[in-house]
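Close look at the chain arrangement
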Amino acid sequence: MKLIIGGAAQGKRDYAREQFGRGRYLDGSCCSREELYREKGVYDFQLWIRKRMQEEKEPFQEGGKERLLEQCRAILQENPEIVIICNEVGCGLVPIEQTDRQYRDLVGEICVWLAKEAEEVHRVICGIGRRIK
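In this text the structure is predicted, and so the values were computed from the model without any measurement.

Let us now look at the sheet that holds strand 3 (residues 41-43). Spatially, six strands are ordered 2-3-4-1-5-6 in an open sheet, and the strand pairing comes out mixed. What marks the edges here is a single partner per strand, and that holds for strand 2 (25-27) and strand 6 (128-131). For this sheet the average axis-to-axis angle between neighbouring strands, irrespective of direction, equals 25 degrees. Across five bridges, the pairing between strand 1 (residues 2-6) and strand 4 (residues 83-87) is parallel. Bridging from a neighbouring strand, K2 pairs with V83 of strand 4. Where helix 5 (residues 98-117) meets the sheet, its contacts fall on strand 1, strand 4 and strand 5 (120-125), and the angle it forms with strand 4 comes to roughly 150 degrees.

By secondary structure assignment, the location of E78 is in helix 4 (residues 64-78). Remark: the alpha-carbon pair of E78 and R38, spanning 40 residues in sequence, is separated by 7.7 Å.

Another point: the pattern of salt bridges. Per the counting criterion, the structure on display carries nine salt bridges. One salt bridge in this structure joins R33 and E34, with 3.7 Å as the shortest N-O distance. For R33, a relative accessible area of 26% puts it in the partly exposed group. The partner of R131 in a salt bridge is E120, with the nearest N and O atoms 3.7 Å apart. Placement of R131 in strand 6 and of E120 in strand 5 is noted, with a sequence separation of eleven residues between them. Accessibility expressed as a relative area gives 12% for E120, which makes it buried.

Attention shifts here to the environment of I4. Mapped onto the secondary structure, I4 falls in strand 1. As for I4 and L76, which are separated by 72 residues in sequence, their C-alpha atoms are 15 Å apart. Among all residues touching I4, those that are not within four sequence positions of it are K12, Y15, A16, F20, V83, I84, I85, C86, H122 and V124.

It is worth spelling out the packing of aromatic side chains at this point. Counting across every chain of the model gives one aromatic pair. The ring of Y43 carries the charged tip of R13 above its face, separated from the ring centre by 3.6 Å. One Lys or Arg, R50, reaches over the ring of Y103 and ends 3.8 Å from the middle of that ring.

Turning to the nonpolar core, a few remarks are in order. In this structure, L36, F45, I84, I110 and L114 are the most contacted members of the largest nonpolar core, which totals 28 residues. Breaking this core down by element, the ones donating at least two residues are strand 1, helix 3 (45-55), helix 4, strand 4 and helix 5. Of the residues forming this core, the biggest block, seven residues, is contributed by helix 5. Setting aside residues no more than four positions away along its own chain, L36 makes contact with L26, C31, V42, F45, W48, I75, N79 and I82.

Here the focus is the packing of helix 3 against helix 5. Contact geometry for helix 3 and helix 5: axes closest at 10 Å, N-to-C directions at 120 degrees. When the interaxial angle is binned, helix 3 and helix 5 end up oblique. Handedness of the helix 3/helix 5 crossing: right-handed. Where helix 3 approaches helix 5, its residues F45, Q46, L47, I49, R50 and M53 are matched on the opposing element by D100, Y103, L106, V107, I110 and L114. In terms of residue class, the contact of helix 3 with helix 5 is made up of nine nonpolar, one polar and two charged.

Conventions used here
- Residues numbered from 1 in each chain as written.
- Predicted model: local features only at pLDDT ≥ 70, side-chain atom pairs only at ≥ 80, totals over all residues.
- Heavy atoms only, no water.
- Pairing = 2+ DSSP bridges.
- Helix = DSSP H or I, 4+ residues; strand = E, 2+ residues; numbered from the N terminus.
- Axes fitted to C-alpha atoms, helices over the stretch in contact; angles between N-to-C directions.
- Contact = heavy atoms within 4.5 Å.
- Salt bridge = Lys/Arg side-chain N within 4 Å of Asp/Glu carboxyl O.
- Buried < 20%, exposed > 50% of the residue type's maximum accessible area, 1.4 Å probe, protein only.
- Phe/Tyr/Trp six-rings, centres within 6.5 Å; stacked < 30°, edge-to-face > 60°.
- Lys NZ or Arg CZ within 6 Å of the ring centre and 35° of its normal.
- Core = buried A, V, L, I, M, F, W, Y, C linked by side-chain atoms within 4.5 Å.
- Parallel < 35°, antiparallel > 145°, perpendicular 65-115°, else oblique.
- Left-handed = near helix turned anticlockwise from the far one by under 90°.
- Nonpolar A, V, L, I, M, F, W, Y, C, P; charged D, E, K, R; others polar.

Function cannot be read off these values alone, since they describe shape.
Dropping the structure here:
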């Protein structure tokens, strides 16, 4: 698995296509876990996480984070070559709403886990990528 991170609108998707091929990259805001089992990659993975959170009755209560991590594990098991593109959501202002802060923290925790599992991690700023793992 390859993980690409960076700010919004920084050229991560174009960078992914240049580095890892032009296959189909799914929109994280509307794709299912099963679709991620077979496609080249996913962009806006932070929105995939948000959607899963919205489906959970109590995403921040007992077992919610673990269930999301299990879904991520299943994706990597079924599609170990996937390219995951995720916005950095923890580098700006601290959100006022508690659920928004919890979302930001959860995306960060999942990205930490993904980075540990990844074969490569790249950070893209202004369209320029740098391999950091």
